[in-house]
Every structure is written in structure tokens, then in C-alpha cells.
Amino acid sequence: MGTMRTLISNGTVVTASTAVEADVIIDGEHIVGVVEPGTAGDGFDRVIDATGRYVIPGGVDMHTHMELPVSGTTSADTYETGTRAAAIGGTTTIVDYAGQTRGSTLAAGLAEWMGRAEGHSYIDYGFHMMVTDVHEGTLAEFPQMMGVGVTTFKLFTAYPGVNLSDDRQILAAMQVAASIGATIMMHAENGIAIDLLRDEAVARGETDPIHHLLTRPASMEAEAVHRVVALAEIAGCPLVIVHISSQDALAEAVVARDGGLPVFAETCPQYLWLAQEDLPEGFEAAKFVCSPPLRRRSEGHQAALWSGIDTGRVDAVATDHCPFTWEQKEAGRGDFRKIPNGLGVVEHRVDLVYQGVVEGWIPLTRWIDVIAETPAKISGLYPKKGTIAPGSDADIVIYNPTGSHVLSARTHHMNLDYSVFEGAEVGGSAETVLSRGEVIVDRGVFVGEPGRGKYLVRGTNALLPERIVE
Ligand code: URP
Ligand code: ZN
Ligand code: ZN
């Protein structure tokens, strides 16, 4: 039996470098041609008319937490519900974070996460490894992880007693990473100082969720970025600062990259769109509790992050998707330190960054670069993922630039009984989504088969030669 041949006709194909009228030819799971409109010939099994639509690479969300065990509970989206929501929103690849349990091995952590995802994910997925117990045994496992496609390792300067590594451990891990071509993903906030501020706030009776934001100042994010950049420079190690929330932290990353260091900046839609000013009164603000926290709009953080996307200083927009239901958030009533950290965003990332195009803040090509191409390159998935070109996987979104819709818990597909974006009207929407040539969302209707997503053996960060100076 031959493979299925699909033609996507009459659309505007947008990649990180161009937007052109073109037809896309798919054979089986792969793109085999991007040709002048009307020149593809015939004999196709299926023709998708993309007139008036953008034809874009499927989104690559390089930062998610499905079923993450945290604070005695588990993030609310499973690989099934989370990847279904992602696909509906135009994301066809996630790189989720597997984690080491303190006292155990990286291999055991990876096996645990593989077991959760396998047979459940609707879209292709890879894993970073959260390293929470750095010692010689753990470091000796790094090459083995690389061998199975885990080429990125997350370290934390935050969450003392749970995830935090000290500077000696961080430097040692960076030295090993540098020696094997791995990239370090860094959660940069000064967790030790922040913990004192948190304890002091609670001792003063300041227990509402707003104090989560007030006790994690941007200066403590920027300080941690500065410190880990200095350590990475000594080690010669490539570094991604994940979930950058403030202009202060971005400025530190920009100084590093302008100095020629292989330092990359990731932000998230919540930091681009939401702010401290948006928080509801009282405990309801727990819905918005994440780390790093939302910042004040009046201080210019959102504007600085959008400008960073426009100028190429922000490399990637991922979600840090880590949803907790209202019932789960209730654990922190009376003590904000007990609120599970994280927001549900995976379904809306493509749309929320597209709003920067609608507003005229960023060009179309930057949209695709930060949601697909550069995350694919950093994650070692390019050009299999992240672009529309012959040889690439046929992960494609037919995006309606005028398909406006309202974000709401009543209509979203994430396993979450509220939305931090409730009532937001967005212009544009993913209509039809293909993953490896298969239609999994058909004009807004999800039609994917459970468990069809495959584990991705990732290569190393493709951007390294560009940023390393001898
Ligand atoms: O609040 C957040 N971001 N939770 C997810 C875990 C992390 O630190 O990325
Ligand atoms: Zn983090
Ligand atoms: Zn995260």
C-alpha cells in the first residue's frame, strides 16, 4: 500500500524567514515539496484548501509539565489531556520536564516519565531532565541521558530543599554539560533569599497570594541570571534562561549574549500578557501564582519582553504549562507558600504570541521563530520539527488570521476549571492541525488517535556554533 499524499493549496506559507504564497506537498509523514501555487500536479489522496490562511509549522512548546508531582499533588493535565489541548491550539511538539527524585537516579526519573507519556500523548514529545541532586553519580549519568535523546538538563537556583543546587553543584554540572555538548536550562531566582522574604511575610500575617508576588522581586531573578551566566562562562557551557519574567532578568541575559556567550532567553505568554495589576482581590489570586511571578505592567516588563521578541533577544516563547485546579490551589488558603505554583497555558501559546502580530509589535516571521523554529533548534529537533521544508515532518497548522475567539474555561480543553485568560478576545485561530501528515484537528474538531505521539530522540542544541566565541 502506498503512502497517503496530501496537498495543502493556496495558503501563505510562513516560516521564521519568509511568508510566501505556496502549496505544500506531503507524502506520508513528511513534507516533500513547497512549490509555486497550482504547480503541484494532481493525484493527491487529500487536498486541504488553505485560501486566506497561514500555513505554519506546528508549534514547539519546549517547556511543559504534564502530571508533574509537586507539593504533594500532581499538575492537572495528563499527557492525554495536555497534548490534546496543545494540538487544538496549534502545538504539535512538547518538550516536557522529566525529573530526578532526590536520592535516586536520572535514569529512574526518565523511566518514570516515559511510562507516564507512552501510549498517552497525542503529539510527539521529548524530555529535558530536571537535576535535583547533583553529585558524582548523577553527573556520570549525563552521557547516558544524551545517548537516549535527553540533551538538556534543568538546574535550579530556586526552591531550597526541593530543587535548589548550590553554586559548586551548578558549576560542576555545567562543566560536565559543556564537555558533552549538552545545554543547561536554568530556573534563575535566588531561592535562598526569597525563602527568607516568604517566611518573614507569613510571620507578619501576610498570607494572601499577592505576597507570593511581592516576595519574589525581579532583582532576585536578575541576580540569579547574572550568577549562572558567570558560572556558565567559566564552564564554557550553553545556557537557556527559562521562563524569564522581568526586564531585569532579560537585561542580564542580553548582556551575556551580546558578549558572545551561548546564552538563550525563553519567556512565556503569561509574562507577555498578564501582570500583577490583573490579579483579583483576596485568595482568588492563587489562580495566578507561578514562579517566577507575574510582574507589574507599570514597570514595563511586558513591553520589554515583547521588544525582546521583536529584536531577536528573546529566543523562544514556551508555556511552562503546569496547571492546578481550583481545588488544588485551595491548599494555600491561609499560607501562600502552600499554593502549588503554575498556570495552564499550553493551549493558548500560539494565539497569544500571534496577538503581537495583530498589535503590530512583531513581524509574522518572528512569531514563527519564537513559537516553532528556534525552540526546535535549541531542543535539537530542527529541521525535523519547527519549519516547513522538504524532509521535515509534516507537522503543520492551517491558521486563520481572522478567526477571532474568546478564551474561557467553558471552551478550553485543558483540564482546568478556570482560566487566567478568562474573557480575553484573541484574533486568529488554529483551524486544522497535522502531525506527521495525519490530520489531528479538522477545522477545530479534534480527531487524533490516543497515544499516537512518539518519543523524540533529540539531538544537541543547533544554535551553539552561532553563539560560541573562541
Ligand atoms: O510556577 C511554576 N513555574 N511551576 C512550574 C515549575 C517550574 O519552576 O518551572
Ligand atoms: Zn522553573
Ligand atoms: Zn517549568
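A. Summary view of the overall build of the chain. On a plain count of helices and strands, the chain comes out with 14 helices and 21 strands. Taking 470 residues into account, the globule formula puts the C-alpha radius of gyration at 23 Å, and the chain, at 21 Å, falls close to it. Overall, the chain is about 70 × 50 × 40 Å in size when its C-alpha atoms are taken along their principal axes. Per-residue burial over the chain gives 62% buried out of 470 residues. A total accessible area of about 16600 Å² is found for the chain, and carbon and sulfur atoms account for 51% of it. If the 34 positive side-chain charges of the chain are averaged to one point and the 61 negative ones to another, these points end up 2 Å apart.

B. Structural view of the pattern of salt bridges. By the definition in use, this model includes 27 salt bridges. Between Arg227 and Asp167 there is a salt bridge; the shortest N-O distance is 2.9 Å. Of this pair, Arg227 sits in helix H7 (residues 218-235) while Asp167 sits in helix H4 (residues 167-180), placing them 60 residues apart in sequence. Residues joined in a network through salt bridges with shared partners are Glu29, Asp124, Lys384, Lys385, Asp393, Asp395, Arg436 and Lys454.

C. Representation of the environment of Ile368 within the structure. Structurally, Ile368 can be placed in helix H13 (residues 364-378). Considering only alpha carbons, one finds Ile368 and Met185, 183 residues apart in sequence, at a separation of 22 Å. With residues up to four places along the chain from it excluded, the contact list for Ile368 reads Val14, Thr15, Ala16, Ile56, Pro57 and Glu373.

D. Spotlight on the coordination of the zinc ion (ligand 3). Every protein donor of the zinc ion (ligand 3) is listed here as His63 (NE2), His65 (NE2) and Asp320 (OD), and their distances to the metal cover 2.0 to 2.1 Å. Here the zinc ion (ligand 3) is ringed by four donor atoms whose angles at the metal span 87 to 135°, and the overall shape comes out irregular. Here the donor residues of the zinc ion (ligand 3) are spaced in sequence according to H-x1-H-x254-D. Taken as a pair, the zinc ion (ligand 3) and the zinc ion (ligand 2) lie 3.7 Å from each other. The two residues His63 and His65 agree in class, both being buried.

E. Representation of the pairing of strand S2 (residues 19-27) within the structure. Direction of pairing for strand S1 (residues 5-14) relative to S2: antiparallel, over a ladder of eight bridges. Counterpart to Leu7 in the pairing with S2 is Ile25. The loop that links S1 with its antiparallel partner S2 comprises four residues. Looking at chain direction, S2 and strand S3 (residues 30-35) are connected through five bridges and run antiparallel.

F. A look at the packing of helix H12 (residues 349-358) against H13. Where H12 meets H13, the closest approach of the two axes is 9 Å, and the angle between their N-to-C directions is 150°. For the element pair H12 / H13, the angle class is roughly antiparallel. By crossing handedness, the relation of H12 to H13 is classed as right-handed. Touching Arg349, Val350, Val353, Tyr354 and Val357 of H12 are Leu364, Trp367, Val370 and Ile371, all from H13. Class assignment of the residues belonging to the contact of H12 with H13 gives a composition of eight nonpolar, no polar and one charged.

Definitions and limits used
Residues numbered from 1 in each chain as written. Chains lettered and ligands numbered in written order. Predicted model: local features only at pLDDT ≥ 70, side-chain atom pairs only at ≥ 80, totals over all residues. Heavy atoms only, no water. Helix = DSSP H or I, 4+ residues; strand = E, 2+ residues; numbered from the N terminus. Rg over C-alpha atoms; globule rule 2.2 N^0.38 Å. Buried < 20%, exposed > 50% of the residue type's maximum accessible area, 1.4 Å probe, protein only. Areas by Shrake-Rupley, 256 points an atom, 1.4 Å probe, with all protein chains shown as cover. Lys, Arg positive; Asp, Glu negative; His and termini not counted. Charge placed at Lys NZ, Arg CZ, Asp CG, Glu CD. Salt bridge = Lys/Arg side-chain N within 4 Å of Asp/Glu carboxyl O. Contact = heavy atoms within 4.5 Å. Donors = N, O, S within 2.8 Å, 3.2 Å for Na, K, Ca; no water. Tetrahedral: all angles 85-135°; square planar, octahedral: opposite > 155°, others 65-115°. Pairing = 2+ DSSP bridges. Axes fitted to C-alpha atoms, helices over the stretch in contact; angles between N-to-C directions. Parallel < 35°, antiparallel > 145°, perpendicular 65-115°, else oblique. Left-handed = near helix turned anticlockwise from the far one by under 90°. Nonpolar A, V, L, I, M, F, W, Y, C, P; charged D, E, K, R; others polar.

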